[in-house]
Amino acid sequence: AAADSVTGLKLQEKGIAKETLAMIGVGVTPIALVLPALIARYTSGPKPLQPFMAAVPFRVAMNLAFSATVWWVAHNASVGSEQGSGEGDAKKVAAPEISILSWAFILAAFGVQQVVMNVMFVSQMAFFAKVSEPRIGGTYMTLLNTIANLGAKWPSTLVLPMID
């Protein structure tokens, strides 16, 4: 979804450092490592896309949560003054001061998003494995995954130029 792509950019625009967002990514990495093993038993049956369909409403909800998070940071975080000494100097905006509870919410939101996206990815790969011809399975799975990636990425490409 486009909100996945835009959230990090908007948080950076509001003053949160790239390094801070990268640390959030590091914090949710263990979830990405463990989750596929936990999801596999639900995707190995006759309906591997069932978890995918169950995760879609949560993905939409996470997009709304990310939009609310960006709005909250923009309107409620106290931001320092702009710094710059003269003409031609780039102005730097001080990082917003966000409470620990707010950081916990942001980390939890990114963690839930990671869970939802992993459920969808593993379910999709299980479906591709199920419908692939065994003799050319790897090639066919690569083709299906490429088409799925193209289908998932073009909305973000269209939306990014329209944002502000």
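In this text, all values refer to a predicted model and were calculated from it rather than measured experimentally.

Novice: Explain the layout of surface pockets to me, please; I cannot follow it from the model alone.
Specialist: Sizing a probe to match a water molecule and rolling it over the atoms shows the empty space that remains. Looking at the largest pocket, its volume works out to about 470 Å³. Around the largest pocket, the lining comprises 17 residues; the ones closest to its centre are Arg-59, Met-117, Gln-124, Ala-152 and Lys-153. By residue class, the composition of the lining of the largest pocket is seven nonpolar, seven polar and three charged.

Novice: Would you take a moment to explain the nonpolar core for this structure?
Specialist: Nonpolar side chains in soluble globular proteins generally cluster together in the buried interior. Residues Leu-11, Ile-16, Val-73 and Phe-110 are the most contacted members of the largest nonpolar core, which totals 14 residues. Listed by contribution, the elements that provide at least two residues to this core are α2 (18-43), α3 (50-76) and α4 (100-131). Examining the composition of this core, we find that five residues originate from one element, α3, more than from any other.

Novice: What's the story with the pattern of salt bridges in this structure? I'm lost.
Specialist: One side chain can pair with another of opposite charge once the charged atoms of both are near each other. Considering all chains together, one arrives at three salt bridges under this definition. For the salt bridge of Lys-14 with Glu-13, the shortest nitrogen-to-oxygen distance reads 3.5 Å. Among the salt bridges present, the one from Arg-135 reaches Glu-133, with a minimum N-O distance of 3.3 Å. Under the relative-accessibility criterion, Arg-135 is labelled exposed at 75%.

Novice: Looking at this model, I keep getting lost on the packing of α4 against helix α5 (residues 137-159). Mind explaining?
Specialist: When two helices pack together, their arrangement is given by the angle between the helix axes and the distance between those axes. Where α4 contacts α5, the axes come no closer than 9 Å and their chain directions differ by 140°. With respect to α5, the element α4 is oriented oblique. For the pair α4 and α5, the sense of crossing is right-handed. Residues Phe-121, Gln-124, Met-125, Phe-128, Ala-129 and Val-131 of α4 form the contact with α5, whose own contacting residues are Tyr-140, Met-141, Leu-144, Asn-145 and Ala-148. Among the residues forming the contact of α4 with α5, the class breakdown is nine nonpolar, two polar and no charged.

The rules behind these values
Residues numbered from 1 in each chain as written. Predicted model: local features only at pLDDT ≥ 70, side-chain atom pairs only at ≥ 80, totals over all residues. Heavy atoms only, no water. 1 Å grid on protein atoms, 1.4 Å probe; cavity = no way out; pocket = protein on both sides within 12 Å on 5 of 7 lines; lining within 4 Å. Points joined across faces, edges and corners; volume = space filled by probe spheres on them. Nonpolar A, V, L, I, M, F, W, Y, C, P; charged D, E, K, R; others polar. Core = buried A, V, L, I, M, F, W, Y, C linked by side-chain atoms within 4.5 Å. Buried < 20%, exposed > 50% of the residue type's maximum accessible area, 1.4 Å probe, protein only. Helix = DSSP H or I, 4+ residues; strand = E, 2+ residues; numbered from the N terminus. Salt bridge = Lys/Arg side-chain N within 4 Å of Asp/Glu carboxyl O. Axes fitted to C-alpha atoms, helices over the stretch in contact; angles between N-to-C directions. Parallel < 35°, antiparallel > 145°, perpendicular 65-115°, else oblique. Left-handed = near helix turned anticlockwise from the far one by under 90°. Contact = heavy atoms within 4.5 Å.

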